[in-house]
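Tertiary structure, described
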Amino acid sequence: QVQLVESGGGLVQAGGSLRLSCAASGRMPNYYAIGWFRQAPGKEREFVATIRWGHGSTDYTDSVKGRFTISRDSAKNTVYLQMNSLKPEDTAVYLCAASPELSGATMIGNYPYWGQGTQVTVSS
């Protein structure tokens, strides 16, 4: 059983940066994917970024490419989401999740393990 705890959210002005952390407890097999998702008020939860724990391959939704970077520190069992050039439309609760599936790492339905989320608010 994988347990996930997010941290690092907060209030930032447009153009600013934040780094989110997702600390995992329990064994993390190399084939697992760790994803970041976000949910704004009144909107559906959406995929943001994902990283394969073993070989570190990544994928991003188009709206954050070039601004967000996902990375992992295996020694700390932690995945990070570095968010630069933040925009008001990035405001949401950000959640990390773990998937044991070998494909479909951008699909919410493939993630059975979820953290509680951390709020990110970007002011204009």
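Before reading on, note that the structure itself is shown above.
As for the overall build of the protein chain
Counting its secondary structure elements, the protein chain contains zero helices and eleven strands. Counting from the amino terminus, the protein chain carries its helices and strands in the arrangement β-β-β-β-β-β-β-β-β-β-β. For the protein chain, the spread of C-alpha atoms along the principal axes amounts to about 40 × 30 × 25 Å. Going through the 124 residues of the protein chain one by one, you find that 45% of them count as buried. Taking the intrachain contacts of the protein chain between residues at least 6 apart in sequence as the baseline, contacts between residues at least 24 apart amount to 56%. Carbon and sulfur atoms make up 46% of the accessible area of the protein chain, which totals about 6,300 Å².

Section: the pairing of strand 9 (residues 92-99)
When you tally the buried positions in strand 9, you get seven out of eight residues, the bulk of the element. Sheet analysis places strand 4 (residues 33-39) next to strand 9, joined by seven bridges and oriented antiparallel. When the sheet's bridge partners are listed, Gly35 is paired in strand 9 with Ala97. Pairing of strand 9 with strand 11 (residues 118-123) involves three bridges; the strand directions are antiparallel.

Some details on the packing of aromatic side chains
Summed over all chains, the structure comprises five aromatic pairs. With centroids separated by 5.9 Å and ring planes inclined at 70°, the aromatic side chains of Phe37 and Phe47 adopt a geometry described as edge-to-face. Highlighted residues: Phe37 in strand 4 and Phe47 in strand 5 (residues 46-52), separated in sequence by ten residues. Three or more aromatic residues joined by ring pairs form one cluster here, namely Phe37, Phe47, Tyr111 and Trp114. Arg19 extends its terminal NZ or CZ atom over the ring of Tyr80, reaching a point 4.2 Å from the ring centre. One cation-aromatic arrangement involves Arg45 over Trp114; the distance from NZ or CZ to the ring centre is 4.7 Å.

Structural notes on the side chain of Glu6
Structurally, the position occupied by Glu6 is in strand 1 (residues 3-7). There is no salt bridge for the buried Glu6, and the closest opposite charge comes from Arg45, which lies 8.1 Å off by N-O distance. A distance of 3.0 Å separates the side chain of Glu6 from the backbone nitrogen of Gln116, its partner in a polar contact. For Glu6, the contacting residues outside a window of four places in its chain are Ser21, Cys22, Trp36, Tyr94, Leu95, Cys96, Gly115, Gln116, Gly117 and Thr118.

A look at the pattern of salt bridges
In the structure shown here, the tally under the stated rule is four salt bridges. Its salt-bridge partner being Arg38, residue Glu46 comes within 2.6 Å of it at the nearest N-O pair. The exposure class assigned to Glu46 is partly exposed, which follows from its relative accessible area of 35%. A salt bridge links Lys65 to Asp62, with the nearest nitrogen and oxygen atoms 3.1 Å apart.

Reading the values: the criteria
Residue numbers restart at each chain and count upward from 1, following the sequence in its written direction. Confidence filtering applies because this is a predicted model: local features only for residues at pLDDT of at least 70, side-chain atom pairs given and counted only at 80 or more, and all residues used for totals across whole chains, interfaces and linings. Side-chain metrics in this entry use all non-hydrogen atoms of the structure; hydrogen atoms and water are not considered. Secondary structure elements follow DSSP: runs of H or I no shorter than four residues count as helices, runs of E no shorter than two count as strands, and numbering proceeds from the N terminus. Burial here depends on accessible area, computed with a 1.4 Å probe over protein chains only, as a share of the maximum for the residue type. Under 20% is buried, over 50% is exposed, and the range in between is partly exposed. Residue contacts follow a heavy-atom distance rule, with two residues in contact if any of their heavy atoms lie within 4.5 Å. Under the convention used here, a 1.4 Å probe and the Shrake-Rupley method define accessible areas, while residue burial counts only the protein chains that appear. A pair of strands counts as paired when DSSP detects no fewer than two bridges linking them. Put simply, two rings from Phe, Tyr or Trp (the six-membered ring, in Trp's case) pair if the centres are within 6.5 Å, and we call them stacked under 30 degrees between planes, edge-to-face over 60, tilted for the rest. A ring is considered to have a charge above it if a Lys NZ or an Arg CZ atom is located within 6 Å of its centre and within 35 degrees of its normal. Asp and Glu count as negative and Lys and Arg as positive, but His and the ends of the chain are not part of the count. For salt bridges, the criterion is a side-chain nitrogen of Lys or Arg within 4 Å of an Asp or Glu carboxyl oxygen. Contacts described as polar in this section are N or O atom pairs within 3.5 Å, which, within protein, must combine one atom able to donate a hydrogen with one able to accept it, while residues neighboring in sequence count only if both atoms come from side chains.

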